[in-house]
Amino acid sequence: MALKAVHVSDVPTLDHVPETASLALHTTRFPQGVEFGRSGLKIPKFMVVGHRGSGMNLLQSSDRRMKAIKENTILSFNTAAQFAVDFIEFDVQVTKDDCPIIFHDNFILSEQNGTIYEKRVTELSLSEFLCYGPQIEPSKVGNSLWRKTKDGKILSWNVEKDDGLCTLEESFEKVNPSLGFNIELKFDDHIVYQQDHLIHVLQSILKVVFKRAKDRPIIFSSFQPDAALIVRKLQSTYPVFFLTNGGNEIFYDVRRNSLEEAMKLCLDGDLQGIVSEVQGIFRNPGAVTKIKDAKLSLLTYGKLNNVPESVYLQHLMGIEGVIVDLVQEITEVVSDMIQPLREKGEEEAIPIGGEEPIRVKAKPQFSEQELSFLLKLIPELIQL
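Residues numbered from 1 in each chain as written. Predicted model: local features only at pLDDT ≥ 70, side-chain atom pairs only at ≥ 80, totals over all residues. Heavy atoms only, no water.

(A) Inspection of helix α4 (residues 195-212) at higher detail. With 18 residues, α4 extends 26 Å between its outermost C-alpha atoms, agreeing within 8% with the 26 Å of an ideal straight helix rising 1.5 Å per residue. Among all positions in α4, only Q195, L198, I199, V201, L202, S204, I205, L206, V208, V209 and F210 are buried. On its buried side, α4 packs onto β4 (87-94), β5 (100-102), α3 (168-174), β11 (180-185), β12 (218-222) and α5 (225-234). Just past α4, the residue K214 takes up positive phi, approximately 50 degrees. (Helix = DSSP H or I, 4+ residues; strand = E, 2+ residues; numbered from the N terminus. Expected span 1.5 Å × (residues − 1). Buried < 20%, exposed > 50% of the residue type's maximum accessible area, 1.4 Å probe, protein only. Contact = heavy atoms within 4.5 Å.)

This is the structure we're talking about:
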């Protein structure tokens, strides 16, 4: 892609939303609706988001849970819906014939006669993309799926429960309607995209969302700064979050290199929140207060979100939700933090609006001084 500056002010607003679309995102998984406005996202409880459904696949991992169900599939999404998750997160790209599909990697790999072939996902047609993996028709055999790990190894994409690749439209039709969608707008970090190309891709995605979303809660997110700004300009119905590594990696685009830059982008572009890699937060815990003071919402992702103690600490820090791979384990942990009135024992009743009070189970109490010391200690521990 040739280099071309993106002037978001020049992007036309294309917010053609059907009358059935919901401005306040209500879901039965929350005691109250999740509301978005100019002042940010109002979440009535700590939110759990299933990463690529019921968790990403790590083929080189010895943990069977990381290879249990094929990520980013209808099976994975509906498996996550069996637990107390509020949203699922998944990656959307657009094929060369303008169909939004769900797939994480920039390239799709297959093996033929002992040779591995790779193709860029966005250079495939929809029919070519759907020829990979398990097929709907039992008589058809799909192209084998392989995957390249971060360290360059190429592994057969074998999981315990497999499922076929899917489109964005199919996910709206087949996934539990009470489950919110965190739609990550996926672009290649190594490409500088032209403005016209970004607009075209995002319009293809929005067309499906506006047609199919109905009352389903939707959040858009992207690591691509211009894509995040443009999708916010193209529509005002659904909130847009900027994804950031929080300074853990350095990119050519400085807007991606720190929580401070992420906050500046959100405020300048009228975005509603930030999704940060959790280590970026733990290395810079003071940023949480700044983000909250700016009326921005804050979610996190990363491996540490599969550790209950890490999730609990984020709850104490005021972070509003976590994207996790171990959906069952972490939803159980979160339900122990804040749960409906049904348990016996030491609990405190907390009223929320006109709803029935929720009960918070007894847990360690920290003074402001102790919590301040803990937050100062975390960055040192992360460096070990």
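Now that the structure is up, let's keep going.
(B) Quick look at the nonpolar core. Within the largest apolar cluster, 69 residues are counted, with the highest numbers of intra-cluster contacts made by I183, V209 and F220. Looking at this core element by element, the count peaks at nine residues for α4. Among all residues touching V209, those that are not within four sequence positions of it are L168, F172, I183, F220 and Y238. Of all hydrophobic cores here, the second largest spans 13 residues; its members include C99, I101, F103 and F129. (Core = buried A, V, L, I, M, F, W, Y, C linked by side-chain atoms within 4.5 Å.)

(C) Seen up close, the packing of aromatic side chains. Per the counting criterion, the structure on display carries nine aromatic pairs. Here the aromatic rings of F77 and F90 are separated by 5.2 Å at their centres, their planes lie at 35 degrees, and the arrangement is tilted. Here F77, found in helix α1 (residues 74-80), pairs with F90, found in strand β4; they are 13 residues apart in sequence, far enough to count as distant. Each of the two residues, F77 as well as F90, counts as buried. A ring pair is formed by F220 and Y238, whose centres lie 6.2 Å apart and whose planes are at 80 degrees; its orientation type is edge-to-face. Here Y238 lies in the loop between α5 and β13 (240-244) and F220 lies in strand β12, a separation of 18 residues in the sequence. Look at F220 and you get buried, because its relative accessible area is 0%. On the accessibility criterion, Y238 (2% relative accessible area) is buried. (Phe/Tyr/Trp six-rings, centres within 6.5 Å; stacked < 30°, edge-to-face > 60°.)

(D) Summary view of the side chain of T167. Within the element layout of this structure, T167 appears in strand β10 (residues 166-167). A polar atom in the side chain of T167 sits 3.0 Å from the backbone nitrogen of E170. Beyond its immediate stretch of four places on either side in the chain, T167 contacts C99, P100, I101, I102 and L126. (Polar contact = N/O pair within 3.5 Å; in protein donor to acceptor, adjacent residues only side chain to side chain.)

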